[in-house]
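Commentary on secondary and tertiary structure
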Amino acid sequence: MTNRSGLTSSKQLLALLLISLGSFILSACGRTAAPSPETAFRAVAAPTLSDDLNLKDLASGIASQRSTLSRNPDSAMQFGPVSITRGKYVQALDRLSSELISSRSNSEKLEYIRNNFLFYEIYGAQDWGEILLTSYFEPLIRGSLRPTSALSQPIYRRPDDLVTIPLGAFSPRFKEESALKGRLAKGRVVPYYSREDIDGKHTLKGRGLEICWVDPIDAFFLQIQGSGTIKLKDGSQFFVTYAEKNGHKYEAIGKFLKERIAPAAITMQSIVALLKTMPESERSELLFRNPSYVFFNRSPQRAITSLGIPATSGRTIAADPKFVPKGALAFITFNKPVFDTEAAPSDPSQSSIKVSSIEVGRFVLDQDSGGAITGTGRIDLFWGRGDDAKRYAGVLQSPARIWYLVPKGSIN
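So, here's what we can say about the structure. (Residues numbered from 1 in each chain as written. Predicted model: local features only at pLDDT ≥ 70, side-chain atom pairs only at ≥ 80, totals over all residues. Heavy atoms only, no water.)

1. Let's talk about the nonpolar core
- F79, F363 and Y404 are the most contacted members of the largest nonpolar core, which has 73 residues in total.
- Of all the elements, strand β16 (residues 328-339) adds the most residues to this core, at seven residues. (Core = buried A, V, L, I, M, F, W, Y, C linked by side-chain atoms within 4.5 Å. Buried < 20%, exposed > 50% of the residue type's maximum accessible area, 1.4 Å probe, protein only. Helix = DSSP H or I, 4+ residues; strand = E, 2+ residues; numbered from the N terminus.)

Structure below.
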């Protein structure tokens, strides 16, 4: 969800490494640099349209964001060289929703979209259409209001000594720089405590910041996702949502495990399985190599996206808001994982095996953002909640193409 801690798992780290390596190689070959927000889109002919989900779910996702988009009807939604007001975009999506929930066939609904929208392709990592698609989900994990031998890792609230330093307030030359996080120590601002400080040296212990206690591995991956549902022993549940980060750089641990996991793929499931075999001291040492740390709020409702609404399973995507407007409708093609068993196991670390993939098309809504989703070459798809979503999100890293839709006759 919004402000997830990079929202990347180890499989997403590998993807980032591949992008970085590819960027270096391609730049050496003279490929075009990434464009500005004004040149990030180009008009193209509509691709072959399809959708592997129920189109009525798309109508539900559109309905969930309608009130948010309607608040500022005269503000512009920019798609590279063209723009449309929010009010006009909402009207077009209203008409589309009526079509989607009608009794017409899927082919008729897709034809309606083709006839009533223009398609704008977004630039990728190094060329048009070079998108890496990854996925995130909302975990459901066991928790306790008191520490136990198995549920020993606290989930912390935001500490009151964590300060945010907006560099742009000191000089205009820093206006594009991200705010720093730190704490006061002897009259100086110093970096905030690292993961090793917090979980290894227990610097926050005794301050009343504990929300609950969970399994240490679950806690680590909960921080990567940025939100989740805690299920207590009595069956009751509550939500934890992102509050703040400690400001340290995110380091995905997958890069430290490649040799130990090979020849298997580096996925969230393969990392979890390996972590479970490690002695506690070895596991802690590995986890400390990611100094980034996330703090949470206990919440009566699920986490919301950066658009301010809950994510729609299978439909919400996160993209860089510097390039694309939130609330926009898009069409994406990617390789969907296929597993050797239909249902997810009760313990996703013992996941059924991804045996193949199938290319699918899907309409999505750009409703979210994330710390690792920057530039035009990355898109993150919210798969859903629970174990089945976890197994798909844990392995999805697919080349993709994405087209944003602009209503015909509405461009300013």
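2. Considering empty space enclosed by the protein
- Applying the stated rule across the entire model yields one cavity of 30 Å³ or more.
- If you go around the largest cavity, the residues you meet are I62, Q65, R66, L69, V90, L93 and D94.
- At the level of secondary structure, the elements contributing two or more residues to the lining of the largest cavity comprise α2 (55-70) and α3 (86-100).
- If one sorts the elements of the lining of the largest cavity by residue count, α2 sits on top with four residues.
- For the lining of the largest cavity, the class distribution of residues is four nonpolar, one polar and two charged. (1 Å grid on protein atoms, 1.4 Å probe; cavity = no way out; pocket = protein on both sides within 12 Å on 5 of 7 lines; lining within 4 Å. Points joined across faces, edges and corners; volume = space filled by probe spheres on them. Nonpolar A, V, L, I, M, F, W, Y, C, P; charged D, E, K, R; others polar.)

3. Structural notes on the sheet that holds strand β12 (residues 227-231)
- Strand order across the open sheet formed by six strands is β7-β11-β6-β12-β13-β14, with mixed pairing between neighbours. Lying at the two open borders of the sheet, with one neighbouring strand each, are β7 (153-156) and β14 (294-299). Across the sheet, the mean angle separating the axes of adjacent strands is 45° when strand polarity is ignored.
- In the sheet, strand β6 (residues 140-144) pairs with strand β11 (residues 210-214) via two bridges, with the strands oriented antiparallel. Within β11, the residue paired with G143 across the bridge is V214.
- Against the sheet, helix α6 (residues 216-225) touches β6, β7, β11, β12, β13 (237-245) and β14, its axis set at about 25° to β7. (Pairing = 2+ DSSP bridges. Axes fitted to C-alpha atoms, helices over the stretch in contact; angles between N-to-C directions. Contact = heavy atoms within 4.5 Å.)

4. Some points on the pattern of salt bridges
- A complete count under the given rule lists 18 salt bridges for this structure.
- As a salt-bridge pair, D94 and R66 come within 2.8 Å of each other at their nearest N and O atoms. A residue pair is termed long-range when its members are at least 10 positions apart, and D94 in helix α3 and R66 in helix α2 qualify at 28 residues.
- In this structure, E99 engages R104 in a salt bridge whose closest nitrogen and oxygen atoms are separated by 3.0 Å.
- Accessibility expressed as a relative area gives 8% for E99, which makes it buried.
- On the accessibility criterion, R104 (47% relative accessible area) is partly exposed.
- Each of R42, E121 and R401 takes part in a single network of salt bridges with overlapping partners. (Salt bridge = Lys/Arg side-chain N within 4 Å of Asp/Glu carboxyl O.)

5. Some words on the sheet that holds strand β8 (residues 163-165)
- If you trace the three strands from one edge of the open sheet to the other, you get β8-β9-β10, paired in antiparallel fashion. The open sheet has two edge strands with one neighbour each: β8 and β10 (188-191). Strand-to-strand twist across the sheet, computed as the mean angle between neighbouring axes with direction ignored, equals 55°.
- Note: strand β9 (residues 180-185) against β10, four bridges, orientation antiparallel. Each bridged residue has a counterpart across the sheet, and for G182 the counterpart in β10 is P191.

6. Considerations on the environment of A40
- As for its position among the elements, A40 is in the loop between α1 (10-28) and β1 (41-44).
- Along the backbone, A40 and Y120 are 80 residues apart, and their C-alpha atoms lie at a distance of 9.4 Å.
- In this view, A40 contacts P35, E121, I122, Y123, W128, F323 and T376; residues no more than four positions away in its chain are not counted.

7. Let's talk about unusual backbone geometry
- Positive phi values are uncommon outside glycine, yet K186 reaches one of about 55°.
- Inspection of the secondary structure puts K186 in the loop between β9 and β10.
- For H202, which is not glycine, the phi torsion reads 60° and is therefore positive.
- Mapped onto the secondary structure, H202 falls in the loop between α5 (195-200) and β11.

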